[in-house]
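Analysis of the macromolecular model
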Amino acid sequence: MQKTYEEINEKIRRGEAVVVTAEEVIDIVAEKGMEKAAREIDVVTTGTFGPMCSSGAFINFGHSRPRIKMKKVWLNGVEAYSGIAAVDAYIGAAQLPETDPENKVFPGRFTYGGGHVIQDLVAGKDIHLEAIAYGTDCYPNKKVDTVITINDLNEAYLFNPRNAYQNYNCAVNLGDRTLYTYMGILKPNMGNASYSSAGQLSPLMNDPYYKTIGLGTRIFLGGGIGYVTWNGTQHHPNVPRGENGVPLTPAGTLAVIGDLKQMNPYWLVGLSYIGYGATIAVGIGIPIPILNEEILYYTTVKDEDIYCPVVDYFEGYPYGKAIDLGKVNYRDLKSGRVTINGRQVITTPQSSYPRARKIAQTLKEWIQKGTFELTCPVAGIPSAEANIEFKSIPDRSPNGITIKR
Amino acid sequence: MRDKIVCYFSAAQSEQPIIHLLVKNYDLVINILKADINPQKEGYLVVELEGERNKYNEGVDFLKSLGVIVEPLSETVVWQSEICIQCGACASFCPTEALAIDRETMEVSFDNAKCVVCGMCLECCPTRAIQLYFEIKEAVR
Ligand code: SF4
Ligand code: SF4
């Protein structure tokens, strides 16, 4: 059996497409069998909603009168990168205001950052815009100090270099003091185990070899419509995988894009991680076209068959020490307790499973209503057979090396 | 017994070594949670007192005898469900299951009756959906 994107879209247009979520598909296939279910089901929807630091938005402010070539620009005191054209900037989710006390009084609170700016923009709130410039003949203005909303912007589009991580570490603390990390608070002596994935609902867990997800895939992004534009940064598909094809460590990632003006602050939420920093929770949902049985098979993956490595964040992660703490699966993680080194440990989720479920459900409804059609990727992203080397910053002394500019 | 109280002071009372006397004469363990004493030496102290029941009551009577107004602390944790993103992080820090996850739906709920206002959940919430409120009388400030 083989279906095409066009056949599935034809059914969506007629309002006849059979769409189920990545949770629902598990029981349907168990009941009907792979072959029958593959004929019947057209699309499986996935979802994830969790902190994704590598997120941000490109903005074009339009010009001031007289015109300005912004050298530095701030939104509610949070700097946006302006080393691009005159009134273009990029606001990153993890950026902090210059006045933030950071970790000077440990652990810092990080009450407001780029992620919060993005949420406020999307919510239509007033934003304080400040910019400075050195002035040129073509762009004489040296200062802007005003109030804007998203409606005053020419363009505002989310462009996230790394989202939707395919699997992630389960973080513990083997040390004797509390740790404040991007995985939340980790209590000493393995007092809790923090994890961050929607597991069986997560997009890349359901298409582990990226057979349908590629450049140009239309997705649910931040409550609106977006697209996959590239593999994400740190994309590392050639890692050990289980028999079901699902990576046993963090692996694939996606770069995604979408118009901020049609998104919703419910699905883009600024976050403050104590002792760590500010970031944003991003909602992403990806539809998987059931082109054949093999693709359907991948979507039937269950939490209990997805394993992630347990990593120590006292020394293991920060200092790159290899400490083997084994693996745990997402069924156990979601149950509230896992066994690590023979000990029961309470689990702390970071990614919102109820919201992931709501995304998969919303996307399902959009497709059923015919307002969301599938796109066939124009190019794939590197998969398991790739030969990607995971690099680190080289340790070289700049002394004695002549760097030509 | 252990409880949290608010002590409202006037200038005269804050001249006295009240805390010292409470520890010395009544054997109480005192944890100062919040204090606001203005330059005129008026203000309030939010303290947690711990000790034997008799001693505890005698200590509180002693404070009252000095003219300090002593009231039980009304402190509440408020969970703003419209801000909460249902990540569930807080529930693993809550000792009483006031914040709890329904393992079927993975949804978080808050039961005020079970909350002992220990504050464990406050720091770990990335959306700041959980807030602690102290009720302090404006008039005596
Ligand atoms: S204050 Fe303590 S008891 Fe109350 S909800 Fe938070 S963690 Fe639970
Ligand atoms: S940690 Fe905060 S956002 Fe997460 S479930 Fe608890 S209250 Fe909600």
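The structure this text deals with has already been given above.
These numbers come from a predicted model, not from an experiment. (Residues numbered from 1 in each chain as written. Chains lettered and ligands numbered in written order. Predicted model: local features only at pLDDT ≥ 70, side-chain atom pairs only at ≥ 80, totals over all residues. Heavy atoms only, no water.)

A tally of regular secondary structure across chain A gives 9 helices and 24 strands. The C-alpha radius of gyration computed for chain A amounts to 23 Å, which stays within 12% of the reference 22 Å derived for 405 residues, consistent with globular compactness. For chain A, the C-alpha atoms occupy an extent of roughly 70 × 60 × 45 Å along the three principal directions. The buried share of chain A, reckoned over its 405 residues, is 56%. Summed over all atoms, the accessible surface of chain A reaches about 17700 Å², with 50% contributed by carbon and sulfur. Put simply, chain A has 40 plus and 41 minus side-chain charges, and the middle of one group is 4 Å from the middle of the other. (Helix = DSSP H or I, 4+ residues; strand = E, 2+ residues; numbered from the N terminus. Rg over C-alpha atoms; globule rule 2.2 N^0.38 Å. Buried < 20%, exposed > 50% of the residue type's maximum accessible area, 1.4 Å probe, protein only. Areas by Shrake-Rupley, 256 points an atom, 1.4 Å probe, with all protein chains shown as cover. Lys, Arg positive; Asp, Glu negative; His and termini not counted. Charge placed at Lys NZ, Arg CZ, Asp CG, Glu CD.)

Moving on to the interface of chain A and chain B. The interface is formed by 29 residues belonging to chain A together with 20 residues belonging to chain B. Overall, the association of chain A and chain B removes approximately 1900 Å² of surface from exposure, summing both partners, and the carbon and sulfur fraction of that is 57%. The largest contributions to the chain A side of the interface with chain B come from I185, P349 and P354 of chain A, which together make up 24% of the buried area. The partner of R109 of chain A in a salt bridge is E123 of chain B, and the shortest N-O contact between them spans 3.3 Å. Applying the counting criterion to the chain A and chain B interface returns 10 residue pairs in polar contact (both at pLDDT 80 or more). Only strand 18 (268–273), helix 8 (330–335), strand 24 (343–349) and helix 9 (353–369) of chain A provide two or more residues apiece to the side of chain A that touches chain B. Among the elements that make up the side of chain A that touches chain B, the one with the highest residue count is strand 18 of chain A (5 residues). Class assignment for the residues of the side of chain A that touches chain B results in 13 nonpolar, 11 polar and 5 charged. (Contact = heavy atoms within 4.5 Å. Buried area = accessible area lost by both parts, 1.4 Å probe. Salt bridge = Lys/Arg side-chain N within 4 Å of Asp/Glu carboxyl O. Polar contact = N/O pair within 3.5 Å; in protein donor to acceptor, adjacent residues only side chain to side chain. Nonpolar A, V, L, I, M, F, W, Y, C, P; charged D, E, K, R; others polar.)

Before going further, it helps to spend a moment on the nonpolar core. Counting residues in each nonpolar core, the largest one holds 82 residues, and the members touching the most others are I340 of chain A together with L99 of chain B. When residues of this core are assigned to their parent elements, the largest contribution, 7 residues, is made by helix 9 of chain A. If near-sequence neighbours (up to four positions away) are discounted, L99 of chain B is found in contact with W79, C90, A91, C94, V108, S109, F110, C121 and I130 of chain B. Ranked by size, the runner-up nonpolar core spans 46 residues in total, among them F61, V144, L153 and I219 of chain A. (Core = buried A, V, L, I, M, F, W, Y, C linked by side-chain atoms within 4.5 Å.)

Let us look at the sheet that holds strand 2 (residues 29–37) of chain B. Residue and element names in this part refer to chain B. Here we have 4 strands laid out as an open sheet, ordered 2-3-1-4, and antiparallel in their pairing. Edge strands, defined here as strands with exactly one partner in the open sheet, are strand 2 and strand 4 (69–72). The mean angle between the axes of side-by-side strands here comes to 25°, regardless of whether they run parallel or antiparallel. Where strand 1 (residues 2–9) meets strand 4, 4 bridges bridge the pair, whose relative direction is antiparallel. Looking at the pairing, V6 lines up with E71 of strand 4. (Pairing = 2+ DSSP bridges. Axes fitted to C-alpha atoms, helices over the stretch in contact; angles between N-to-C directions.)

Turning our eyes to something else, we now look at the packing of helix 2 (residues 18–26) of chain B against helix 3 (residues 53–65) of chain B. Residues and elements named next belong to chain B. Closest axis-to-axis distance for the helix 2/helix 3 pair is 10 Å, and the angle between their directions is 150°. One way to sum up the angle between helix 2 and helix 3 is to call them roughly antiparallel. Once helix 2 is placed against helix 3, the crossing between them reads as right-handed. Residues I18, L21, L22 and Y26 of helix 2 touch helix 3, and the partners they reach there are K55, E58, G59, F62 and L63. Partitioning the contact of helix 2 with helix 3 into residue classes produces 6 nonpolar, 1 polar and 2 charged. (Parallel < 35°, antiparallel > 145°, perpendicular 65-115°, else oblique. Left-handed = near helix turned anticlockwise from the far one by under 90°.)

This next bit is on the site of ligand 1. Looking at ligand 1, there are 14 residues lining it, with C94, C115, C118, G119 and C121 of chain B nearest. Of the residues contributing to the shell around ligand 1, the split by class is 12 nonpolar, 2 polar and no charged. (Near = heavy atom within 4 Å.)

Let us now look at the pairing of strand 24 of chain A. Residue and element names in this part refer to chain A. The pairing of strand 14 (residues 193–195) with strand 24 spans 3 bridges and is classified as parallel. Bridging from a neighbouring strand, Y195 pairs with P349 of strand 24. The sheet contact formed by strand 23 (residues 337–340) and strand 24 spans 4 bridges and is antiparallel. Counterpart to R337 in the pairing with strand 24 is I346.

A word on the site of ligand 2. Among the 13 residues in the neighbourhood of ligand 2, the closest are listed as C84, C87, G88, C90 and C125 of chain B. A class-by-class count of the residues in the shell around ligand 2 yields 10 nonpolar, 3 polar and no charged.

All names here are of chain A. By the element assignment, R241 lies in the loop between strand 16 (224–231) and strand 17 (254–259). Judged by its relative accessible area of 17%, R241 is buried. In this structure, the C-alpha to C-alpha distance between R241 and A379, residues 138 residues apart in sequence, is 23 Å. Here R241 is in contact with Q166, P208, Y209, Y210, V246, P247, L248 and A384, once residues within four sequence places are set aside. In terms of polar contacts, R241 uses its side chain to reach the backbone carbonyl oxygen of P237, at 2.9 Å. Side-chain polar atoms of R241 contact the backbone oxygen of G245, separated by 2.9 Å.

A few words on the pattern of salt bridges. All names here are of chain A. Under the criterion given, the structure shown has 24 salt bridges over all chains. Between R14 and E10 there is a salt bridge, with its nearest N and O atoms 3.8 Å apart. Taken together, the residues span about one helical turn, with R14 and E10 both in helix 1 (residues 5–14) at a distance of 4 residues. Beyond isolated ion pairs, a larger network of salt bridges with shared partners links E6, E10, R13, R14, E16 and E373.

Another point: the pairing of strand 2 of chain B. Regular strands have side chains that alternate between both faces of the sheet. Residue and element names in this part refer to chain B. As judged from the 8 bridges shared by strand 2 and strand 3 (residues 43–50), these two strands associate in the antiparallel manner. Across the sheet, the residue bridging to N31 is E48, located in strand 3. What sits between strand 2 and strand 3 in their antiparallel hairpin is a turn of 5 residues, with K41 showing a positive phi close to 65°.

Moving on to unusual backbone geometry. All names here are of chain A. Cis geometry is found at the peptide bond from R65 to P66, where omega equals -5°. Summarising the element assignment, P66 is placed in the loop between strand 4 (56–60) and strand 5 (72–75). Here F106 and P107 are connected by a cis peptide whose omega angle stands at -5°. Relative to the helices and strands, P107 is located in the loop between strand 7 (88–92) and helix 4 (114–122). Even without glycine at this site, F110 takes up a positive phi of about 50°.

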